[in-house]
Amino acid sequence: MTALLTPGSTHPHHDHRAFGIRFSRLGQSFGAAEKRRAVLRDVSLEVRPGEILAILGASGCGKSTLLRTAAGLDTPDTGEVLIDGDPVRGIDERCAVAFQEPRLLPWHTLRANVAMGLPRSSSASAGKARVLELLELVGLTAFAKHRPREVSGGMAQRTSLARALARNPGVLLLDEPFGALDALTRIRMQDLLLDVHRVKPTTVLLVTHDVDEALLLADRVLVLGPGEDEHGSTVAELLPVPGTRPRGRTSADLAALRSSLLSMLGVDGH
Amino acid sequence: MSQGSRTAVHARTAASRTGQRGVVEDDATSRYVRESARPDPTGTSAGALTRRPVRLMLGLIVPLLVLGAWQSNAVIGVFSPVQLPPPAAVLAAGAELAARGELWLHIIISTQRVLIGFAIGSVLGLAVGALLGLSRLADALLTPVVGALRAVPSLAWVPLLILWMKIGEDSKVTLILIGAFFPVFTTVFVALRHVDRDLVEAGRAFGLRGMQLLTTVQLPAVVPAIFSGLRLALAQAWLFLVAAELIASSLGLGFLLIDSSNNGRTDRIFLAIILLAVIGKATDALLGLAEQWAVRRWT
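Residues numbered from 1 in each chain as written. Chains lettered and ligands numbered in written order. Predicted model: local features only at pLDDT ≥ 70, side-chain atom pairs only at ≥ 80, totals over all residues. Heavy atoms only, no water.

Under an unreviewed UniProt entry, chain A has the name ABC transporter ATP-binding protein and belongs to Arthrobacter echini.

In structure tokens form, the structure reads like this:
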């Protein structure tokens, strides 16, 4: 696993991609007629190619919605998302998503589930090699022929991450991917994500509800919060995280930022 | 995306946000198999009642008791031999028909009608169920019509079938086909509506659309439901076979029933009923084996 993670060992024919993303005056509402509720309002921000951006915010503030518009799973009411300068229309093959739940096909082996992420254009032999490489990257070579229900939740989530990476995404969208995992598995997954990003420094949008996770992984932290008139969330703060990765999990430099982020999220006195 | 489905998507993400937080890791994966028809959940308790030979033996007790009571009637004489001929007479009737070569003809032609009608009806049920289960437009256009057709008691079609197709194989197979169609249609239609939306969305997120999404995610997800539909359809097919053969035929187990009734041959009536029970149960057991395999493979 570690041998594969040295940058020189990446295969030349799938050079990594990393695209910039621009959210431009994005607005999104849900519900019909009088029950219609604005979720996002006038969200504008720019994500640099290769950056890891953590998205924080209270429950139901539209973190996932923002991610889903970038993936093309939802179409915004107003504004647009530009990836590498081109607007997102429908499911975008430049992106790959890993959801909070693994969402693997239970009737397929882990290997076949990862293969589902391969771009349509990839040839059978190259695809097969790539799937094996990714399974090794996430440490699941020995479980390639297992079914999702035969492995732990952490392994299923690693498979889900490998499936997303199989796309060779220019933008990796992670929707609270570690949220449902136990504390130890979560730490391993966070380390794995950093390893993967070191080898293939793609752009990552990471939705999380965990301030410490954001501070550990991200280059910048976006905080979504209520707009002026309380109708929908918008960009409340966009803060750089000081220091270079890998950062210590208990770094004192981050204490001030941590407590100010927590107070923005409505948790005081930490 | 339509207004309605957008609401649903939002409601679902909100639910998963609040509801999923405390989930232990293994629960996350088992969510997807939760609703599928898994093998008997008591199978793990390893009680004596779950072992196959024990079950077979226990299953034989009641038929043997019935046989015993039936045989004793010949001695006690509660029912006259015309009403209830003894088992040996039924056996003799069977041997006699077999010797003349008629018995196999009845069995083969009936089985053939059931299998053809069942095959065509199931395939049509699967196709129409998939179409209406997946396409909102087809659903809006056709579901009321199909619902109304299903409400017609199937024997009501008989006069029309005879008028259109005359009394031949076609009209009988068509009636069986109608009987087999609806159980498959209904189960597939309903099951496709309840495929885990998260899985379908994951498929879409990885670029699957249309037929590819259907064959990769939606159809495999409803395999257990398809098989329960098929088993219901097979039972219906045998039911409609007898109806078709009672009404108009010159061969087959249904014909054997009505012909024996006209000639007062109660022994042959019993023979036909027992054959229908045995063959019906045997075909259902075969399908049950296929179902077990499929459920293991696809969940």
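*Asks:* Which parts of the structure should I look at to understand the overall build of chain B?
*Replies:* Within chain B, the secondary structure is distributed over 13 helices and 0 strands. Ordered by position in the sequence, the α and β elements of chain B form the string α-α-α-α-α-α-α-α-α-α-α-α-α. Considering chain B as a whole, with its 299 residues, one finds that 42% of them fall into the buried category. Taking as baseline every contact in chain B between residues at least 6 positions apart, the subset at least 24 positions apart corresponds to 72%. (Helix = DSSP H or I, 4+ residues; strand = E, 2+ residues; numbered from the N terminus. Buried < 20%, exposed > 50% of the residue type's maximum accessible area, 1.4 Å probe, protein only. Contact = heavy atoms within 4.5 Å.)

*Asks:* Got a minute to help me understand the packing of helix α9 (residues 197–205) of chain B against helix α10 (residues 210–221) of chain B in this structure?
*Replies:* When two helices pack together, their arrangement is given by the angle between the helix axes and the distance between those axes. Residues and elements named next belong to chain B. Across the interface, α9 lies against α10 with an axial gap of 10 Å and an inter-helix angle of 145°. Both α9 and α10 take part in a crossing whose hand is right-handed. Facing L199, V200, G203 and R204 of α9, the residues of α10 in contact are L213, V217 and Q218. For the contact of α9 with α10, the per-class residue count stands at 4 nonpolar, 2 polar and 1 charged. (Axes fitted to C-alpha atoms, helices over the stretch in contact; angles between N-to-C directions. Left-handed = near helix turned anticlockwise from the far one by under 90°. Nonpolar A, V, L, I, M, F, W, Y, C, P; charged D, E, K, R; others polar.)

*Asks:* Please clarify how the pattern of salt bridges should be interpreted in this entry.
*Replies:* Side chains that differ in sign of charge can pair as their charged atoms come close. Evaluation of the coordinates by the stated rule reveals 26 salt bridges over all chains. The salt bridge involving D198 of chain B is made with R103 of chain A; its shortest N-O contact spans 3.5 Å. You can see D198 of chain B sitting in helix α9 and its partner R103 of chain A sitting in the loop between β6 (95–98) and α2 (110–115), one on each of two chains. You can call D198 of chain B buried: its relative accessible area is 5%. With a shortest N-O distance of 3.4 Å, E96 of chain B and R268 of chain B are connected by a salt bridge. Taken as a pair, E96 of chain B in helix α4 (residues 87–99) and R268 of chain B in helix α13 (residues 266–298) lie far apart in primary sequence, 172 residues in all. The partly exposed category is assigned to E96 of chain B, whose relative accessible area is 33%. Ionic contacts of the salt-bridge type, sharing partners, join the residues R68, D74, E101 and R103 of chain A together with D198 and E201 of chain B into one network. (Salt bridge = Lys/Arg side-chain N within 4 Å of Asp/Glu carboxyl O.)

*Asks:* In this structure, what is going on with the pairing of strand β7 (residues 171–175) of chain A? I would like to understand it.
*Replies:* Where a strand is regular, its side chains alternate between the two sheet faces. Residue and element names in this part refer to chain A. Counting buried positions along β7 gives 5 out of 5 residues, so the element sits mostly inside the fold. The side-chain alternation of β7 yields two buried faces, one formed by V171, L173 and D175 and the other by L172 and L174. Where β6 meets β7, 4 bridges bridge the pair, whose relative direction is parallel. The residue of β7 that forms the bridge with V97 is L173. The sheet contact formed by β7 and strand β8 (residues 203–207) spans 5 bridges and is parallel. When the bridges of β8 are listed, V171 appears paired with T203. (Pairing = 2+ DSSP bridges.)

*Asks:* Is there a simple way to explain the side chain of E101 of chain A in this structure?
*Replies:* Residue and element names in this part refer to chain A. Relative to the helices and strands, E101 resides in the loop between β6 and α2. By relative accessible area, E101 is classed as buried at 3%. Polar contacts involving the side chain of E101 include one to the side chain of R103, which spans 2.7 Å. (Polar contact = N/O pair within 3.5 Å; in protein donor to acceptor, adjacent residues only side chain to side chain.)

*Asks:* When you look at the environment of R147 of chain A in this model, what are you seeing that I'm missing?
*Replies:* Note that R147 of chain A resides in the loop between α3 (124–137) and α4 (153–166). Among the residues examined, R147 of chain A registers a relative accessible area of 13% and is labelled buried. Along the backbone, R147 of chain A and L110 of chain A are 37 residues apart, and their C-alpha atoms lie at a distance of 5.9 Å. Beyond its immediate chain neighbours, meaning those up to four positions away, R147 of chain A contacts P106, W107, H108, T109 and L110 of chain A together with R296, R297 and T299 of chain B. Only 3.3 Å separates the side chain of R147 of chain A from the backbone oxygen of R296 of chain B, close enough to count as a polar contact.

*Asks:* Mind showing me how you'd approach the confidence of the model for chain A here?
*Replies:* Low pLDDT marks stretches whose predicted atomic positions should not be read closely. A residue-level look at chain A finds 92% of positions with pLDDT of 70 or above and a mean pLDDT of 86. Counting contacts from residues 1–13 of chain A, a segment whose pLDDT is below 50, to residues more than four positions away or on other chains yields 16 contacts. (pLDDT = per-residue confidence, 0-100.)

*Asks:* Mind showing me how you'd approach the confidence of the model for chain B here?
*Replies:* Residues and elements named next belong to chain B. Per-chain confidence: chain B averages 83 in pLDDT, with 85% of residues scoring 70 or above. Per-residue pLDDT, averaged within each element of chain B, yields its smallest value for helix α2 (residues 25–30) (38) and its largest for helix α5 (residues 102–134) (94). Note that residues 1–40 has pLDDT below 50 and, in this model, 78 contacts with residues that lie over four places away or in other chains.

*Asks:* Quick question: what am I supposed to make of a nonpolar patch on the surface here?
*Replies:* On the surface, a nonpolar cluster with roughly 580 Å² of combined accessible area is contributed by L49, L58, I61, V62, L65 and V66 of chain B. For L58 of chain B, the location among the structural elements is in helix α3 (residues 52–76). (Patch = residues over 30% accessible without salt bridge, like charges linked within 9 Å, V, L, I, M, F, W, Y side chains within 5 Å. Areas by Shrake-Rupley, 256 points an atom, 1.4 Å probe, with all protein chains shown as cover.)

*Asks:* When you look at the packing of α5 of chain B against α13 of chain B in this model, what are you seeing that I'm missing?
*Replies:* Residues and elements named next belong to chain B. Where α5 contacts α13, the axes come no closer than 12 Å and their chain directions differ by 40°. Of the possible angle classes, the one that applies to α5 and α13 is oblique. The handedness of the crossing between α5 and α13 comes out as right-handed. On α13, the residues touching L103, I107, T111 and F118 of α5 are L271, L275, I279 and L287. Looking at the contact of α5 with α13 residue by residue, the classes come out as 7 nonpolar, 1 polar and no charged. (Parallel < 35°, antiparallel > 145°, perpendicular 65-115°, else oblique.)

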